[in-house]
Amino acid sequence: MRKRIIAGNWKMYKKAEEARSFMKELVDTVPASENVETVICPPSLYLYELAEMTKSSTVGIGAQTMHEAKEGAFTGEISPKMLTDIGVGYVILGHSERRQYFNETDEAVNRKVHAAFEYGLTPIVCVGETLEEREAGKTVDIVATQVKKAFEGIADSLAPTAVIAYEPIWAIGTGKTATAENANEVCGAIRNTISELYGKDVADALRIQYGGSVKPANIDELLSMEHIDGALVGGASLEAASFLKLIEAGS
Ligand code: PEP
């Protein structure tokens, strides 16, 4: 059975003290669970402190993005080597906001997936279609292509340890959620794509999250679906109370 993974993406929100007190509450409250893995992806400024706070807890810490090089003259960037060094375990790659505002291409995502694995990080690879693409009936083609490109050259032994987040762009931060059935259908298509690339065992092992206006009111239905193994959550991860409800739902 696949262990669920609920990850909060704080984006560019929270002051230091807010980040600290949220994490204290989480560390004190989240029980060790065999069913769900909990991850918080704070702004990079807080990664070190939050990774220290969660060292002996079951809460994992993830970066929201990273550079692909281990080090170098890349002003403003953070590297996979630095993330591993401070105890970060996950990294979100190819989030639609990175693709849209920072020109992150499928090729760059692929290089970053390689770099993440090289440094022992679990990549959370985001894929998803725009509203226009959905309306043109291209959803499955778009996400399958994004998955194939992201995983190009990734070894069979590493692929099942990655996480894929299916995030329809039109559902992110809009309050609109794909219906659970529809999200499941696309997550199933993603699993088929992984199966074509790596075979059924890898496809059965790899975890697929849904993301896009997930909240306590809709998480149960989403998690009841065959191919949805968790959630990548923006807005509802900013308040400890609502995020804790999501973890509870996954437990
Ligand atoms: C996200 O940022 O990945 C996301 C899904 O945001 P929200 O939950 O706010 O739609």
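Looking at an unreviewed UniProt entry, the protein chain carries the name Triosephosphate isomerase, with the source organism given as Filibacter tadaridae. Its UniProt record, at the heading Sequence similarities (unreviewed entry), says of the protein chain: "Belongs to the triosephosphate isomerase family."

**Structural notes on the packing of helix 10 (residues 216-223) against helix 11 (residues 240-250)**
Orientation of helix 10 relative to helix 11, taken along the N-to-C sense of each, is 20 degrees, at an axis distance of 9 Å. Classified by the angle between their axes, helix 10 and helix 11 sit roughly parallel to one another. Judged by the twist between their axes, the crossing of helix 10 over helix 11 is right-handed. Counting all contacts with helix 10, which are made through Pro216, Ile219, Asp220 and Leu223, the residues of helix 11 involved are Ser242, Lys245, Leu246, Ala249 and Gly250. In the contact of helix 10 with helix 11, the residues fall into 5 nonpolar, 2 polar and 2 charged.

**Here's the deal with the sheet that holds strand 1 (residues 4-9)**
Here 8 strands make up a closed barrel; going around it, the order is 1-2-3-4-5-6-7-8 and the pairing parallel. Geometrically, the sheet is characterised by an average inter-axis angle of 25 degrees between neighbouring strands, direction not taken into account. Judged from the 4 bridges that link them, strand 4 (residues 90-93) and strand 5 (residues 122-127) form a sheet pairing that is parallel. By the bridge assignment for strand 5, tyrosine 90 is matched with threonine 122.

**What to know about unusual backbone geometry**
The phi dihedral of lysine 11 falls on the positive side, at around 50 degrees, and the residue is not glycine. One can find lysine 11 in the loop between strand 1 and helix 1 (16-29). The exposure class of lysine 11 is buried, given its relative accessible area of 18%. At lysine 14, a position not held by glycine, the phi torsion is positive, near 90 degrees.

**Describing empty space enclosed by the protein**
Taken as a whole, this structure holds 1 cavity of 30 Å³ or more when the rule is applied. Roughly 50 Å³ of volume is contained in the largest cavity. Sorting the residues of the lining of the largest cavity by element identifies helix 4 (96-101) and strand 5 as the ones contributing at least two each. Class assignment for the residues of the lining of the largest cavity results in 4 nonpolar, 4 polar and 2 charged.

The rules behind each value
- Residues numbered from 1 in each chain as written.
- Predicted model: local features only at pLDDT ≥ 70, side-chain atom pairs only at ≥ 80, totals over all residues.
- Heavy atoms only, no water.
- UniProt positions renumbered as here; feature names shortened; annotations may be inferred.
- Axes fitted to C-alpha atoms, helices over the stretch in contact; angles between N-to-C directions.
- Helix = DSSP H or I, 4+ residues; strand = E, 2+ residues; numbered from the N terminus.
- Parallel < 35°, antiparallel > 145°, perpendicular 65-115°, else oblique.
- Left-handed = near helix turned anticlockwise from the far one by under 90°.
- Contact = heavy atoms within 4.5 Å.
- Nonpolar A, V, L, I, M, F, W, Y, C, P; charged D, E, K, R; others polar.
- Pairing = 2+ DSSP bridges.
- Buried < 20%, exposed > 50% of the residue type's maximum accessible area, 1.4 Å probe, protein only.
- 1 Å grid on protein atoms, 1.4 Å probe; cavity = no way out; pocket = protein on both sides within 12 Å on 5 of 7 lines; lining within 4 Å.
- Points joined across faces, edges and corners; volume = space filled by probe spheres on them.

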